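# Observations on the three-dimensional arrangement
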Amino acid sequence: MMSTGDIIGDAVIMLILLLVAFISFIPLWHVVMSSFSDGQELLSHKGVVWKPLGDFNLGGYKLIFRNSNVIKSYLNTLLYVVGGTGLGLVMNVVAGYILSRRTRFRPLMILFFIITTMFSGGTIPTYIVIRALGMTGTPLALIIPGCTNAMFILYMMNAYMAIDRSYEEAAAIDGAGHIQIMFQVLLPQAKGMAIVVAVQTAILKWNSWFEASIYVPTQRSLWPLQLWVRELTTNTTEFLKSSNPDYNQYLIQYAVIVIATVPLLAAMPLFISKLEKGIASGGVKG
Amino acid sequence: MNRTIAEKDFKLSKKAMARKDWRKNWQIYLLFLPLAVYFIIFNYIPMVGILVAFEDYSVTKGFFGSPWVGFANFRVLFTGDEFLIALRNTACMAVLNLALGFLPPIILALLFSECHLKPYRRFTQIVSYMPNFVSAVVVCALVTEFFGMSGAITKILTAIGFQEQNWLANTQIPVFWLIYAFIGIWMGAGFGSVIYTAIISSVSGDLKEAAALDGANRWQRIRYVVLPALLPLCMMNLTLSVGTMFLAGWDKVLLLYMPKTYDVSDVLYTYTYRMAFGNSVNFGLSTASGLFQSIIGTTLLIVSNKINKKLTSYGLF
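Residues numbered from 1 in each chain as written. Chains lettered and ligands numbered in written order. Predicted model: local features only at pLDDT ≥ 70, side-chain atom pairs only at ≥ 80, totals over all residues.

### Describing the overall build of chain A
Within chain A, the secondary structure is distributed over 13 helices and 0 strands. Along the chain direction, N to C, the helices and strands of chain A fall in the order α-α-α-α-α-α-α-α-α-α-α-α-α. For chain A, whose C-alpha radius of gyration is 25 Å, the value lies well above the compact-globule estimate of 19 Å for 286 residues. Across its three principal axes, chain A shows a C-alpha extent of roughly 80 × 70 × 35 Å. The burial tally for chain A puts 42% of its 286 residues in the buried class. (Helix = DSSP H or I, 4+ residues; strand = E, 2+ residues; numbered from the N terminus. Rg over C-alpha atoms; globule rule 2.2 N^0.38 Å. Buried ≥ 20, exposed ≤ 12 C-beta atoms within 10 Å, placed from the backbone.)

Structure (structure tokens):
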């Protein structure tokens, strides 16, 4: 039997959670609704835009998709995400396997990775190295560096270590080599963690902007979407200086935020449970 | 006599073991090679590159050609107001972020675990995760909008008696710092609760039911069953956050600050950035400032990890 106190408690908790969800969601809602609004009305509006102001208007999106730079940047982002995640996935799978084998130099190899979690050269030395490699001003600077890190590799190692050894022993007796054991025997059982790490890499790459701003600062044709978001959300009222301003110009900033944010949020249901599981298992094991 | 033979045997067997290991695992070592190259290029060489902090680095002369200047760059740093202000701001903002940002994920996890209407709980959970997946650029655009002249938050603040203004341009002391801490909470509280929720759900069940049968009310259940189970993780996360508070997450300042507010908003990260990519480029100074930041950061990380190991027997490394 629930007491009145419990019922009130439940109601208060549900109310607070609703408020949390509201605060989490409303800025995004505001942007989506603004992007469908009338530019001139929006310009003079104060506070949250709950529903499209004026007539439903796709003018901002039309301008965005007429802008070949933005379309190009979308493709660039896809290239960086797919390239970086793919390369990172291969490295995580292989490195995790290497570190999970009982080899003579295993402790040394693990130390080799752990040191990189404690010390780093920082922005400038990394920049100097990447420039010396001739990667600045090319897409490679945004694909190759940062596609994996020691933590991801150690997560992968733990996933392999958690698998019962009898599987690989049986395969080894059947004459399977390392490559076969890794891909055919162990990876299918560790693929949960491989996916979690790949998703995290993809999110990092999709949302990254700083690297592009220093490695391809002037090569606009290589900019990822996020740099265009930054470009288009600053100086948003420049257009007012023209004698006959097109108020849809004002909507561009909202439209670009929507197209840069919604795909990831829409994909969330696909990976969120896996991500939660990965975090839970990583955290519980310490 | 016997001993030398034993030693010889031991050496032999060590050699034999090495040979056996190589025969059995040479493919593993071969696979390790490309990974080692990757980490040497992108992690270890930049570590050596830190020596730029002790050079009067010039782009044309390069790393090997630039003259050594010892600690001159650091002398310049510590005698310049700009750097000291950035240092103060970094320290204050790091502490404030931690102080305000530490509890919300825990409280949120407790609330989620006490919400027994499953679909409702799942829905609010997923919505609360969403800000975590929004990029820094977009978040900062939203902040600029909501705290700007006609922003929603400005409107609320005006309604409760503050002067209408662009809050990001405010140079009074805790304003920018509070906004920054708020961003951290908005983005991180929801998704940060995942780890605590996992722990809570791993205790719950039987123990909670037993406590309820014994007549424990909701608060008593939380206080005597859930919180004790959560405490080790809380301690671990607290020490870890102390360890990392100097190191990560400063790129949003770069997107939000403006020359007018440098006195309150400039941090080591942005100072380092300006010295490298701003109008007056000085790679030596920039690297020195970056090095200083990572020395503090790494020291905090190692110390906090030590404390952590003592307290909870868990450690990051």
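### Quick notes on the domain arrangement of chain A
Residue and element names in this part refer to chain A. Segmenting chain A into domains produces domain 1 (1–57) and domain 2 (60–285). Once you take the C-alpha centre of each, domain 1 and domain 2 turn out to be 31 Å apart. Taken together, the 9 residues of domain 1 in the interface contact 10 residues of domain 2. Among the secondary structure elements, those contributing two or more residues to the side of domain 1 that touches domain 2 are helix 1 (4–35) and helix 2 (39–43). (Domains from an automatic or database assignment. Contact = placed C-beta atoms within 7 Å.)

### Quick look at helix 6 (residues 123–132) of chain A
All names here are of chain A. Extensive coverage of helix 6 is indicated by the burial of 8 of its 10 residues. For helix 6, every residue scored as buried is listed here: T123, I124, P125, T126, Y127, I128, V129 and I130. Just past helix 6, the residue G134 takes up positive phi, approximately 75°.

### As for the interface of chain A and chain B
Counting residues at the interface gives 67 residues for chain A and 68 residues for chain B. The element that contributes the greatest number of residues to the side of chain A that touches chain B is helix 1 of chain A, accounting for 15 residues.

### Describing the confidence of the model for chain B
The predicted model of chain B has a mean per-residue pLDDT of 87, with 93% of residues at 70 or higher. For this predicted complex, the interface confidence score (ipTM) comes to 0.91, while the overall pTM stands at 0.90. (pLDDT = per-residue confidence, 0-100.)

### A few points about the environment of B:F146
Considering the arrangement of structural elements, one finds B:F146 in helix 7 (residues 136–146). Leave out the neighbours within four places in its chain, and B:F146 touches A:P27, B:G151, B:A152 and B:I153.

### A look at the domain arrangement of chain B
Domain boundaries in chain B define domain 1 (2–48) and domain 2 (72–312). Distance between the C-alpha centres of domain 1 of chain B and domain 2 of chain B: 43 Å.

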